[in-house]
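Observations on chain architecture
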Amino acid sequence: MLFMDNKRIFIAVIGASKATPEETRLAEEVGKELALRQVTLVCGGMGGVMEAACRGAALNGGLTIGILPGNSREEANPYVQIPIISSIGFARNVMVVKSAQAVIAVGGAYGTLSEIAYALQSGLPVITLNSWSMSQNGKADGAVIKAGNALEAVTMALDLIN
């Protein structure tokens, strides 16, 4: 009999498809830390931060889901174990975020910023590593939480879920 494990934790890892070497290193470490805690990694399924995070998770026994922007499973990075075809381009960012219980942003450009906004609007915790910070009317907004390293990011995300 098949059943859904409603206790499984899903964390989205978001960031640029063209990552710096430092962002790549951080994302892979985040993926590894998630896998070691049996957390399912959800991402946009493409390259850069997404691929590095999936690599870290997959090589350490984790489960990876990639919600792809296009029409083909072949678009997925080689470490995505469950590719989901959305055919909706950047609009998939909502699906990535809404599939998770927390979000970890590593670097990123405007697509990452949109995912952060969707997460905040949904009341999800957002942890950042070398990513966006928030301010409103010139005053710092603590809506996103800055982490110093991958272990800290994963620990904070899990603490905020529980």
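Residues numbered from 1 in each chain as written. Predicted model: local features only at pLDDT ≥ 70, side-chain atom pairs only at ≥ 80, totals over all residues. Heavy atoms only, no water.

**A look at the packing of helix α1 (residues 21-36) against helix α5 (residues 150-161)**
Which entries qualify depends on this criterion: Fitted lines through C-alpha atoms serve as axes, helices being fitted only where they are in contact, and the angles separating the N-to-C directions of these axes extend from 0 to 180 degrees. Note on conventions: DSSP H or I runs of at least 4 residues are helices, E runs of at least 2 residues are strands, and numbering of each starts at the N terminus. By the definition adopted for this analysis, an angle is roughly parallel if under 35 degrees, roughly antiparallel if over 145, roughly perpendicular if from 65 to 115, and oblique otherwise. Crossing handedness is read from the near helix: turned anticlockwise from the far helix by less than a right angle, it gives a left-handed crossing, and turned clockwise, a right-handed one. By the convention used here, residues are in contact when the closest approach between their heavy atoms is within 4.5 Å.
One way to put it is that α1 packs onto α5 with a least axis distance of 8 Å and a crossing angle of 45°. Between α1 and α5, the crossing angle belongs to the class labelled oblique. Where α1 crosses over α5, the handedness of that crossing is right-handed. Judged by residue contacts, L26, E29, V30, E33 and L34 of α1 engage A150, L151 and V154 from α5.

**A closer look at helix α4 (residues 110-121)**
Definition in use: Helix span is expected to be 1.5 Å times the residue number reduced by one. Only protein chains enter the accessibility calculation, which uses a 1.4 Å probe; a residue whose area is less than 20% of its type maximum is buried, one above 50% is exposed, and one in between is partly exposed. Directions drawn from the helix axis to the C-beta atoms are what define this arc.
Between its first and last C-alpha, α4 extends 16 Å over 12 residues, near the 16 Å set by a 1.5 Å rise per residue. All of the buried residues along α4 are T112, E115, I116 and A119. Seen from one end, α4 has its buried residues packed into an arc of 105°, which puts them on one side. Projecting away from the buried face of α4 at angles above 90 degrees are the exposed residues Y110 and Q121. In the core, the buried residues of α4 are packed alongside β1 (10-15), α3 (92-98), β5 (102-106), β6 (126-129), β7 (134-136) and β9 (144-146). Just past α4, the residue G123 takes up positive phi, approximately 75°.

**Brief notes about the environment of V49**
Structurally, the position occupied by V49 is in helix α2 (residues 49-58). The spatial distance from the C-alpha of V49 to the C-alpha of V106 is 6.9 Å, given a sequence separation of 57 residues. Non-local contacts of V49, meaning those with residues more than four positions away in its chain, are made with V13, I14, G15, A16, A19, E23, A27 and V106.

**Re the layout of surface pockets**
What counts is decided by this rule: Detection works on a 1 Å grid of protein atoms alone, calling trapped sets that fit a 1.4 Å probe cavities and calling open sets with protein on both sides within 12 Å along at least five of seven lines pockets, with lining residues defined by an atom within 4 Å of a point. Grid points are joined across faces, edges and corners, and a volume is the space filled by probe spheres set on the points. Asp, Glu, Lys and Arg are counted as charged, while Ala, Val, Leu, Ile, Met, Phe, Trp, Tyr, Cys and Pro are counted as nonpolar; the rest, among them Gly, fall into the polar class.
There is about 250 Å³ of room inside the largest pocket. Around the largest pocket, the lining is made up of 16 residues, and of these G15, S17, M50, F90 and R92 lie nearest the centre. Only β1, α3 and α4 provide two or more residues apiece to the lining of the largest pocket. No other element matches α4, which puts three residues into the lining of the largest pocket. In terms of residue class, the lining of the largest pocket is built from seven nonpolar, seven polar and two charged.

**Section: the pattern of salt bridges**
Where charged atoms from two side chains of opposite charge come close, those side chains can pair. Convention followed: The rule for a salt bridge is simple: a side-chain nitrogen of Lys or Arg has to be within 4 Å of a carboxyl oxygen of Asp or Glu.
One pass over the full model with this rule turns up five salt bridges. With a closest N to O distance of 3.1 Å, R55 and E28 form a salt bridge. Taken together, the residues R55 in helix α2 and E28 in helix α1 connect sequence positions 27 residues apart. The partly exposed category is assigned to E28, whose relative accessible area is 28%. Note that E51 is salt-bridged to R55, the shortest N-O span being 4.0 Å. Here E51 and its partner R55 are both found in helix α2, four residues apart, which amounts to about one turn of the helix. Connected through salt bridges with shared partners, the residues E22, R25 and E29 form a single ionic network.

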